[in-house]
Amino acid sequence: MTGRLIVLSNRIPTEAQPSGGLVVALHDCLTQRGGIWIGAAAEPTATPDEGFRTVATGAYTRLAFDLTPQEFETYYLGYANSVLWPLFHRRADLMDVQPGFAEGYLGVNARLAGLLADFLRPDDVLWVQDYHFLPLAHELRRLGVTNRIGFFLHIPFPVATDVPALPEAAVLPDWVAGYDVFGVQTRADVERLRILFDRNGVSGALGDGPIRLRGREVLPLACPIGIDAKGYRETAAKSAGGDRIAMPPQQKLVLGVDRLDYSKGLVQRFAGFGAYLSARSGDDPQATLLQIAPPSREDVDAYQDIRMQLDLTTGSINGEHGEIDWTPIRYIRRPVPRDDLAGLYRRADVAMVTPLADGMNLVAKEFVAAQDPANPGVLILSHFAGAAEQMPQALIVNPYDAQDMAQALRRALTMTLAERRSRHAALWKAVDDEDIGWWTRRFLNALGGATVAEVA
Ligand code: ADP
């Protein structure tokens, strides 16, 4: 690649030294090779600037574009988070399709395409992040832009038979085909993508190579995102976050860490933990589930519903199983500082990462990185987390089946040190080998024109 690397994401980091996996990876990548990072301004404004605004310069440049309050409602809260998010997470029943949402979404993407078409130089490579910008390349192609454009979908690719629930279903393949490389988290996502094209009558879509549609060629690429594994391991070893847990020594700590989102399967997880407690015999260890779940997207109704359900479930399980000196579920909605969180991961005996649908789930990888290899804890991982493809040595569970989760908990809490070590060593290898640097290289190699075989 000789041109500039231009990354587009919904948010740009505001601090000089950002934290958070993806943000750090892109920050490091752009710092090394230079480039430009474009994202929405932190707050909507009724008096938007027409073009991009420079927010920071240095090793690379950060540019912001403004959203009006109405665009924020329709494009971001509306179409992106109340239509695409539930559909792509297999919850079409939670979609909230409202007049104006699609127009807002398409409008923001068309406006950005116009700005980018003027801004791009012929050799520039554009890397678009996530479901907020699916139609962007299609819009750019309509404006005659021929640059290499890649896309990475952080969330699951939808099931082809669910896609008709999207009013814009007919154009989704054209949106995808606007890109040269369409990166997704797992091989299962690539399969779903190919099936969607096949169902739309595109011949050859089920093969291995690029998919052809109306004169365009798009390469679907399974490119699982990773974390800064070694960095996280060091942070966790230094963190005092675990020292704040006061529990009797014989009691085991089971940890859950998630944004409060219906896709995370929190109600089902609590039910699985409740089933363990109900079936527990005198020999089975006593365990406390510490669930950290800061609310997100509270302006969207479905998020208020899940919060209420979780309050009810927590109260019911604690009421049934609690004792005067023991509360089985400790449920915390406050955000926890990242460093403290790393220490909690290290201190935990078991992590329950049991989403109903998840593009990857970085918590699973952070937990493995944080654990002490000499005496590691056990990861219980949902079959429906993208991470399960890379992490088969976890105890893989069906989050819809409370008994299955209860059995996995029992197994995790009574597992021998030798088995814990051997499972952890294999998991650490996967997390460390395919870390965040690997992810960036793999994607950019593919986008630079290399064949999939070369980057694999
Ligand atoms: P999602 O992107 O859907 O929220 P992931 O598991 O992929 O799910 O990523 C979540 C990220 O947010 C992880 O890096 C995790 O450490 C972080 N995180 C989750 N909960 C908290 C919390 N309570 N405080 C701080 N960071 C959190």
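Everything quoted here is computed from the prediction, not taken from an experiment.

Peer 1: Whenever I open this one, the overall build of the protein chain confuses me. Can you help?
Peer 2: Within the protein chain, the regular secondary structure consists of 15 helices and 15 strands. Compactness check: the protein chain gives a C-alpha radius of gyration of 23 Å against a globular reference of 23 Å for 456 residues, within 12% of the reference. Here the C-alpha coordinates of the protein chain stretch approximately 70 × 45 × 45 Å along the principal axes. Counting every position in the protein chain, which comprises 456 residues, the buried fraction comes to 47%. Considering only contacts in the protein chain between residues 6 or more positions apart, those separated by 24 or more positions represent 76%.

Peer 1: For this particular structure, what's the right way to read the site of the ligand?
Peer 2: As a structural note, the neighbourhood of the ligand is formed by 14 residues, with R259, P335, V336, L362 and V363 the closest of them. Elements with a contribution of two residues or more to the shell around the ligand: α10 (338–347) and α11 (362–370). Ranked by the residues each element gives to the shell around the ligand, the list is headed by α11, at three residues. Looking at the shell around the ligand residue by residue, the classes come out as nine nonpolar, two polar and three charged.

Peer 1: Sorry, what's going on with unusual backbone geometry here?
Peer 2: With the exception of glycine, the majority of residues adopt a negative phi angle, and the majority of peptide bonds are in the trans configuration. In the Ramachandran plot, R90 falls in the positive-phi region, its phi being about 60 degrees despite a non-glycine side chain. If you trace the backbone, R90 turns up in the loop between α2 (69–88) and α3 (101–119). Positive phi outside glycine occurs at R297, with the angle close to 45 degrees. Structurally, R297 can be placed in the loop between β11 (287–292) and α9 (301–321). What makes R297 partly exposed here is the crowd of 17 C-beta atoms within 10 Å.

Peer 1: I'm lost on the sheet that holds strand β3 (residues 53–56) in this one. Help?
Peer 2: Strands belonging to one sheet form pairs held by backbone hydrogen bonds; the direction of such a pair is parallel or antiparallel. A sheet is described by the order of its strands in space; here nine strands give the open sequence β3-β4-β2-β1-β5-β6-β7-β9-β8, paired in mixed fashion. Here the strands that pair on one side only, and so sit at the sheet edges, are β3 and β8 (211–213). Between one strand axis and the next, the sheet turns through 25 degrees on average, direction left out of account. As paired strands, strand β2 (residues 36–40) and strand β4 (residues 61–65) are joined by five bridges and run parallel to one another.

Peer 1: Looking at this structure, I do not really get the pairing of β4. What am I missing?
Peer 2: A regular strand places its side chains so that they alternate between the two faces of the sheet. In terms of burial, β4 is largely enclosed, as four of its five residues are buried. Here β3 pairs with β4 via three bridges, running antiparallel. Looking across to β4, one finds that T54 is bridged to L63. With antiparallel pairing between neighbouring strands as the criterion, β3 and β4 make up a hairpin whose turn holds four residues, including G58 at a positive phi of roughly 155 degrees.

Peer 1: Just to check I follow, could you spell out the sheet that holds strand β10 (residues 252–257) for this structure?
Peer 2: Here we have six strands laid out as an open sheet, ordered β12-β11-β10-β13-β14-β15, and parallel in their pairing. Each edge of the open sheet carries a strand with a single partner, namely β12 (329–332) and β15 (395–397). Recorded for the sheet is a direction-independent mean angle of 20 degrees between the axes of neighbouring strands. Note: β11 against β12, four bridges, orientation parallel. Each residue of the ladder has a partner; that of I292, found in β12, is I332.

Peer 1: I would appreciate a short explanation of the packing of helix α8 (residues 266–279) against α9 in the present structure.
Peer 2: Two quantities define a packed helix pair, namely the angle between the axes and the distance from one axis to the other. Between α8 and α9, whose axes approach to 10 Å, the crossing angle comes to 10 degrees. In terms of orientation, α8 lies roughly parallel with respect to α9. Two secondary-structure elements touch here, α8 through L266, V267, F270, A271, G274 and L277 and α9 through Q309, L310, T313, T314, I317 and H321. Split by residue class, the contact of α8 with α9 holds seven nonpolar, five polar and no charged.

Peer 1: Sorry if this is basic, but what is going on with the packing of α8 against helix α12 (residues 402–413) here?
Peer 2: Two elements in contact, α8 and α12, have axes whose closest approach is 7 Å; the angle formed by their N-to-C orientations is 65 degrees. Pair α8 / α12 crosses with right-handed handedness. Contact residues: α8 offers A271, G272, F273, A275, Y276 and A279, while α12 offers A402, Q403, M405, A406, L409 and R410.

Peer 1: Explain the environment of V431 to me, please; I cannot follow it from the model alone.
Peer 2: Inspection of the secondary structure assignment puts V431 in helix α13 (residues 417–433). In the structure, V431 is positioned 62 residues away from A369 in sequence and 7.3 Å away in space, judged by C-alpha atoms. The contacts of V431, once residues within four sequence positions are left out, are G226, I227, A229, K365, V368 and A369.

Peer 1: Hey, could you run me through the domain arrangement of the protein chain in this one?
Peer 2: In many reports, interface size means the accessible area that the parts give up when they come together. Here the domain parsing of the protein chain yields domain 1 (5–226 + 436–455) and domain 2 (229–433). A straight line from the C-alpha centre of domain 1 to that of domain 2 covers 31 Å. At the interface, 21 residues of domain 1 touch 18 residues of domain 2. Of all elements in the fold, only α2 and α6 (187–199) reach the threshold of two or more residues within the side of domain 1 that touches domain 2. For the side of domain 1 that touches domain 2, the element with the most residues is α2, which contributes four residues. For the side of domain 1 that touches domain 2, the class distribution of residues is nine nonpolar, nine polar and three charged.

Thresholds applied
- Residues numbered from 1 in each chain as written.
- Predicted model: local features only at pLDDT ≥ 70, side-chain atom pairs only at ≥ 80, totals over all residues.
- Helix = DSSP H or I, 4+ residues; strand = E, 2+ residues; numbered from the N terminus.
- Rg over C-alpha atoms; globule rule 2.2 N^0.38 Å.
- Buried ≥ 20, exposed ≤ 12 C-beta atoms within 10 Å, placed from the backbone.
- Contact = placed C-beta atoms within 7 Å.
- Near = placed C-beta within 6 Å.
- Nonpolar A, V, L, I, M, F, W, Y, C, P; charged D, E, K, R; others polar.
- Pairing = 2+ DSSP bridges.
- Axes fitted to C-alpha atoms, helices over the stretch in contact; angles between N-to-C directions.
- Parallel < 35°, antiparallel > 145°, perpendicular 65-115°, else oblique.
- Left-handed = near helix turned anticlockwise from the far one by under 90°.
- Domains from an automatic or database assignment.

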